[in-house]
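Now for the letters of each chain:
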Amino acid sequence: MTKSFKARMRDGDTLVGTFLKTPAHEMIEVLAKSNLDFICLDAEHAPFDRERLDICLAVARALDMPTLVRVPVGAPVELLKALDSGATGIVAPHIDTVEKARELARAGRFGHGGRGYAGSTRWAGFATRSMPEVLQQSIDETVVIAQIEEPEGVEAAEQIAAVDGIDGLFVGPADLAVCYGKTDIADPQVRDAMRRTGEAAKAHAKTFMTFAPGAAQGPALKELGVTMFFVASEHAFMLRGANEEADALHAL
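Keep in mind that what you see is a predicted model, and the values were worked out from it rather than measured. (Residues numbered from 1 in each chain as written. Predicted model: local features only at pLDDT ≥ 70, side-chain atom pairs only at ≥ 80, totals over all residues. Heavy atoms only, no water.)

A.B. asks: Help me understand the pattern of salt bridges in this model?
C.D. replies: Once their charged atoms are close, side chains differing in charge can pair, the charge on each being opposite to the other. By the definition in use, this model includes 16 salt bridges. Note that aspartate 42 is salt-bridged to lysine 21, the shortest N-O span being 2.5 Å. Of this pair, aspartate 42 sits in strand 2 (residues 38–42) while lysine 21 sits in the loop between strand 1 (15–20) and helix 2 (25–31), and the two are 21 residues apart along the sequence. The buried category is assigned to aspartate 42, whose relative accessible area is 0%. A salt bridge links arginine 70 to aspartate 42, with the nearest nitrogen and oxygen atoms 2.8 Å apart. On the criterion of sequence distance, the pair formed by arginine 70 in strand 3 (residues 67–70) and aspartate 42 in strand 2 is long-range, its members being 28 residues apart. One exposure class covers both arginine 70 and aspartate 42, and it is buried. (Salt bridge = Lys/Arg side-chain N within 4 Å of Asp/Glu carboxyl O. Helix = DSSP H or I, 4+ residues; strand = E, 2+ residues; numbered from the N terminus. Buried < 20%, exposed > 50% of the residue type's maximum accessible area, 1.4 Å probe, protein only.)

A.B. asks: Can you walk me through the packing of helix 1 (residues 2–10) against helix 6 (residues 131–141) in this structure?
C.D. replies: Two measures define how a pair of helices packs: the angle their axes make with one another and the distance between the axes. Their axes nearest at 8 Å, the elements helix 1 and helix 6 cross at an angle of 45°. With respect to helix 6, the element helix 1 is oriented oblique. Only Ser138, Ile139, Asp140 and Glu141 of helix 6 make contact with helix 1, whose side of the interface consists of Thr2, Lys3 and Lys6. Each residue belonging to the contact of helix 1 with helix 6 can be placed in one class, and the counts come to one nonpolar, two polar and four charged. (Axes fitted to C-alpha atoms, helices over the stretch in contact; angles between N-to-C directions. Parallel < 35°, antiparallel > 145°, perpendicular 65-115°, else oblique. Contact = heavy atoms within 4.5 Å. Nonpolar A, V, L, I, M, F, W, Y, C, P; charged D, E, K, R; others polar.)

A.B. asks: Would you take a moment to explain unusual backbone geometry for this structure?
C.D. replies: Note: most peptide bonds trans; most residues except glycine with negative phi. One non-glycine residue, histidine 94, adopts positive backbone phi at about 60°. One can find histidine 94 in the loop between strand 4 (89–92) and helix 5 (98–107). The partly exposed category is assigned to histidine 94, whose relative accessible area is 33%. In this structure, alanine 232 is a non-glycine residue whose phi angle is positive, near 50°. The exposure class of alanine 232 is buried, given its relative accessible area of 6%.

Laid out in structure tokens, this is it:
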């Protein structure tokens, strides 16, 4: 699954994943048995330290479960830690200028001024692959996603999407709503911003993706051009399941 994930993104396949907030490898093992297409470890808003991130990515890699990491900031050191540990790709928050997008793309790719090369990492097979193989793996596999969550990012979406090395645009509806002074991620102004970002992604053959509280929002998001859905989180899944069973028994 990991090897074909980037190609499926590029082909516009409908991909369904979730944010993982619990930094525990057991959660990876469970979700890898689901029908989800990918997981995104939320190192921006959840307590993933270097050790727990590494363990979760080791298990994900062993189980061939495509796993992204939403890094706390799009700094090269954060990308390097996630990618070397085995991440399929990264989601970088607060990309609101084309300059930030270019820096992000450079940091996620090998080359002069870009990702530091090491053939001894988990992602590279612990020194079992040649340099040409490792470099080709980066081209074929590594995904770099720019998160658009400020009005400035929406205005620059066309330029950001045009950056070589950016594979997709992720719209953060909650942050956009807050920036616009709204309290609903389905507010018309937020939806219009999402539509504009989706059009920019489509114009440059980049994957358009966003967060969805649940499957019920799927049709409306699909109309905006979304093909990759980050649905809720394991926290939400647990609460929904627990509440459904508890409510049904309380009603007896």
